[in-house]
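Structural features, examined
As a plain string of letters, each chain reads:
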Amino acid sequence: MTLRSINLDKVIAFSLMSFVCFSFFSISLTQISCGVGGLAWMAKCYLTQSWREQTFPLKIPFLLFVLACIIAVAGAVDFLGSYKSLKRLLEILIFFWAVNCIESDEQREKLSLLLIASAALSTFTAFYTAWGTGVTIAARAEGTMSVYMTYAGLLMLALLLAFGKLIFSPKENKWLHPAAILIVVCLLLTFTRQAWLGVFAGLVFLIWFRKKSLLWFMPVVLGVVFLISPADIKTRIDSLTNLEDVNIKIRLALWQGGWLVFKDHPLTGCGFKCIDAVNQDYPDPTGFIKKLRGLHNNLVQLAVDTGLFGLVSWISIWVVYFMTLYRRLLSMQDNAVYRRDAMASAAAVLGFLVAGFFETNFYDAEVSMLLYFIMALPLTRPSNE
């Protein structure tokens, strides 16, 4: 191995660590980290002529989705307003970068623990804000992010990773217990219900595959959380089962409006951000579509923007992902550590998908970048050997 290759390995290792650290604090530094790391990875492959040794799981569904996005933009009702969104497709490279650059199980473990520690550390900024303003929905915890929903999505992913480790290996890394408590409390302070639902789905998934009988304690745990929560959070929790809640009505109006647009552009969609260009052509008695623009549902938003081609190819990414993970779990069923990490990543992805029924979190760059990284953790090369 040449000196240049060794130096590039150091750059890649540092960029992976800085990526997970900055994910909870700064999108700019996060993007710089993966950008530098990605370039170092490609430079190393060029110098060592090792492109054939790289692995690209999920490449077919990802390529189909990229093609669907390009076709949607090419036929967009507002090409100039749509084509800029194609740069977001570069985020997919984070998945392949992490898959090929995490070179050992020990490195994978350190990165996942660093990710959880960074999430726990970020909660102190939210607690400081709550200390000054009190626990109120008017002052939602948002950390250093610009939007509380973004911060909640990041916390959700980190929390499910932590839960995966705690449920499958409760005696290891005992510091994860207080870290998880900090993240749970901070997540409640975001008042973000779709992230709460995502955590609930991921937690049920983990417990189901670890020890089903423990699910009987879930109502007790949820009841305790409800009882000790401040009044505003209790009200927010109560609204989860209130079909007359104003936010439910807003989402229903958005989804109905999205359906009308989709029917006119069913195959390839009307392009990204096309709602801005076409909403005046459709009835919008509530005014929510014009005001909010986003449709608060990944499936509806992708159907409108990229049509059936884009929607089906996007769904295929997750179908192939879980199928690939399942096959690897079967082939490594005697490896308890791998099973723990794979289930934790699967729970995080599941939580993201569930939350995406009520929010377009796939369109949130900070969340999607971290998601791609977490997806890659159980698919790294050491797991293939």
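Right, let's walk through the structure included here. Every chain begins its residue count from 1, and numbering advances along the sequence as written. Thresholds applied to this predicted model are a pLDDT of at least 70 for local features of residues and 80 or more for the giving and counting of side-chain atom pairs; totals over whole chains, interfaces and linings are not thresholded and use all residues. Only hydrogens and water are set aside; all other atoms, that is, all heavy atoms of the structure, feed into the side-chain values.

Section: a nonpolar patch on the surface
Like-charged residues are merged into a patch within 9 Å and nonpolar side chains (Val, Leu, Ile, Met, Phe, Trp, Tyr) within 5 Å, provided each residue has over 30% relative accessible area and no salt bridge. Each accessible area is a Shrake-Rupley result for a 1.4 Å probe, and residues are judged covered by the shown protein chains and nothing else. We define a salt bridge as a side-chain nitrogen of Lys or Arg found within 4 Å of a carboxyl oxygen belonging to Asp or Glu. Taken together, the side chains of Leu 39, Met 42, Tyr 46, Leu 47, Trp 51 and Phe 56 present a nonpolar region at the surface, about 630 Å² in accessible area. In DSSP terms, a helix is any run of H or I states spanning at least four residues, a strand is any run of E spanning at least two, and both are numbered starting from the N terminus. Along the chain, Trp 51 turns up in the loop between helix H2 (27-48) and helix H3 (59-74). Trp 51 sits in the partly exposed class, given a relative accessible area of 40%. Each residue is placed in one exposure class: buried if its accessible area under a 1.4 Å probe, protein chains only, is under 20% of its type's maximum, exposed if it is over 50%, and partly exposed if it falls in between.

Remarks on the packing of helix H7 (residues 148-168) against helix H17 (residues 365-376)
For the pair H7 and H17, the least separation of the axes is 9 Å and the interaxial angle reads 15°. With respect to their mutual orientation, H7 and H17 come out roughly parallel. For the pair H7 and H17, the sense of crossing is left-handed. Judged by residue contacts, Thr 150, Gly 153, Leu 154, Leu 157 and Leu 161 of H7 engage Glu 366, Val 367, Leu 370, Leu 371 and Ile 374 from H17. Of the residues belonging to the contact of H7 with H17, the class tally is 7 nonpolar, 2 polar and 1 charged. Angles here are taken between N-to-C directions and fall from 0 to 180 degrees, while the axes themselves are lines fitted to C-alpha atoms, restricted in helices to the stretch in contact. Working definition: roughly parallel below 35 degrees, roughly antiparallel above 145 degrees, roughly perpendicular at 65 to 115 degrees, and oblique for all remaining angles. Helix crossings get a hand from a simple test, with the near helix turned counterclockwise from the far one by less than a right angle marking a left-handed crossing and a clockwise turn marking a right-handed one. Any two residues whose heavy atoms approach within 4.5 Å at even a single point are treated as in contact. Three residue categories are used. Nonpolar comprises Ala, Val, Leu, Ile, Met, Phe, Trp, Tyr, Cys and Pro, charged comprises Asp, Glu, Lys and Arg, and polar comprises the others, including Gly.

Things to note about unusual backbone geometry
Most peptide bonds take the trans configuration, and most residues that are not glycine carry a negative phi. Look at Leu 58: it is not a glycine, yet its phi comes out positive at around 70°. A positive phi angle, close to 50°, is found at Asn 173, a residue other than glycine.

Focus: the packing of aromatic side chains
In this description, a pair of aromatic rings is defined by centroid distance and the angle of the planes. Under the pairing criterion, centres of Phe, Tyr and Trp rings, with the six-membered ring standing for Trp, must be within 6.5 Å; the plane angle then separates stacked pairs below 30 degrees from edge-to-face pairs above 60, leaving the rest tilted. For the structure on display, the rule yields 21 aromatic pairs. Judged by centre distance (5.5 Å) and plane angle (50°), the rings of Phe 56 and Phe 96 are tilted. Note that Phe 56 is positioned in the loop between H2 and H3 and Phe 96 in helix H5 (residues 92-101), a separation of 40 residues in sequence. Residue classification places Phe 56 among the partly exposed positions, given a relative accessible area of 32%. In this structure an aromatic cluster arises from ring pairing among Trp 41, Trp 51, Phe 56, Phe 62, Phe 95, Phe 96 and Tyr 372. In this structure, Lys 212 packs its charged tip against the face of Trp 208, placed 4.9 Å from the ring centre. Lying across the ring of Phe 226, Lys 234 places its NZ or CZ 5.8 Å from the centre. We call a charge positioned over a ring when the NZ of a Lys or the CZ of an Arg lies within 6 Å of the ring centre and within 35 degrees of the ring normal.

Brief notes about the environment of Leu 215
As for its placement among the helices and strands, Leu 215 is situated in the loop between helix H9 (193-210) and helix H10 (218-228). Spatially, the C-alpha atoms of Leu 215 and Ser 23 are 32 Å apart, while their sequence positions differ by 192 residues. Ignoring sequence-local partners within four residues, the contact set of Leu 215 consists of Val 204, Ile 207 and Trp 208.

Observations concerning the environment of Arg 236
On the secondary structure map, Arg 236 appears in helix H11 (residues 231-238). A relative accessible area of 12% places Arg 236 in the buried class. In this structure the C-alpha to C-alpha distance between Arg 236 and Phe 191, which are 45 residues apart in sequence, comes to 6.8 Å. Side-chain polar atoms of Arg 236 contact the backbone oxygen of Phe 191, separated by 2.9 Å. Residues adjacent in sequence count toward polar contacts only when both atoms are side-chain atoms; beyond that, a polar contact is any pair of N or O atoms within 3.5 Å, and within protein one must be able to donate a hydrogen and the other to accept it.

Remember that the coordinates give geometry; whether it matters functionally is a separate question.
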